[in-house]
Amino acid sequence: MATYNTMQRASILSFLETNIGQAFTVKEIVEGIRSDSAAGCSPSESTVYRIMSDLVKNGIVRRKISQNREYQYRLSNDSMGRISVRCKVCGAVQHIDEKVCSEIIDELKKNASIGTDGDIEILGICDKCK
Ligand SMILES: [Zn+2]
């Protein structure tokens, strides 16, 4: 059944990649894959649990406990709110250091009534276009 498992693993990963910036419970992952007909398979919750704990062990996915005490999973390379600066003239994109990002996001949470759980884009003008 190795091939079958690999397929399910791939569809879980592609589901998480499509929805990068969000965390999901196993139930939500199962539903998400089922509603995506292109995935071509519908793994059971226990299968997804098994695959997810494997992905957590390998460091591909991070796990946290939600407010309803359920496990939520997100991709590890999804650094929880990345900030990019885009030049509005030429469209060049620069990424801000992860540490600085989390500081900015913390400040936003303190000062604004709207939090962010995904990517932030700041528009500016790059050195070349100044
Ligand atoms: Zn530019």
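Model, not experiment: these values are computed from the prediction. (Residues numbered from 1 in each chain as written. Predicted model: local features only at pLDDT ≥ 70, side-chain atom pairs only at ≥ 80, totals over all residues.)

### With respect to helix α4 (residues 98-111)
Then, in step 1: If you check α4, its first and last C-alpha atoms are 20 Å apart, about what 14 residues at 1.5 Å a residue would give, namely 20 Å.
Then, in step 2: Where burial is concerned, little of α4 is hidden: 0 out of the 14 residues are buried. (Helix = DSSP H or I, 4+ residues; strand = E, 2+ residues; numbered from the N terminus. Expected span 1.5 Å × (residues − 1). Buried ≥ 20, exposed ≤ 12 C-beta atoms within 10 Å, placed from the backbone.)

### Observations regarding helix α3 (residues 45-57)
Then, in step 1: Given a rise of 1.5 Å per residue, 13 residues ought to cover 18 Å, and the 18 Å separating the end C-alpha atoms of α3 matches this to within 8%.
Then, in step 2: Val48, Ile51, Met52 and Leu55 are the residues of α3 that are buried. Burial along α3 is one-sided: seen end-on, the buried residues are contained in an arc of 100°. The exposed set on the far side of α3, more than 90 degrees from its buried face, consists of Ser46 and Lys57.
Then, in step 3: Looking one or two residues beyond α3, the residue adopting positive phi is Gly59, at roughly 80°. (Arc of directions from axis to C-beta.)

### Comments concerning the environment of Ala23
Then, in step 1: Turning to its location among the elements, Ala23 is positioned in the loop between α1 (2-18) and α2 (26-35).
Then, in step 2: Remark: the alpha-carbon pair of Ala23 and Arg63, spanning 40 residues in sequence, is separated by 8.7 Å.
Then, in step 3: Aside from chain neighbours lying at most four places away, what touches Ala23 is Lys64, Gln72, Tyr73 and Arg74. (Contact = placed C-beta atoms within 7 Å.)

Honestly, it's all geometry; don't read function into it.
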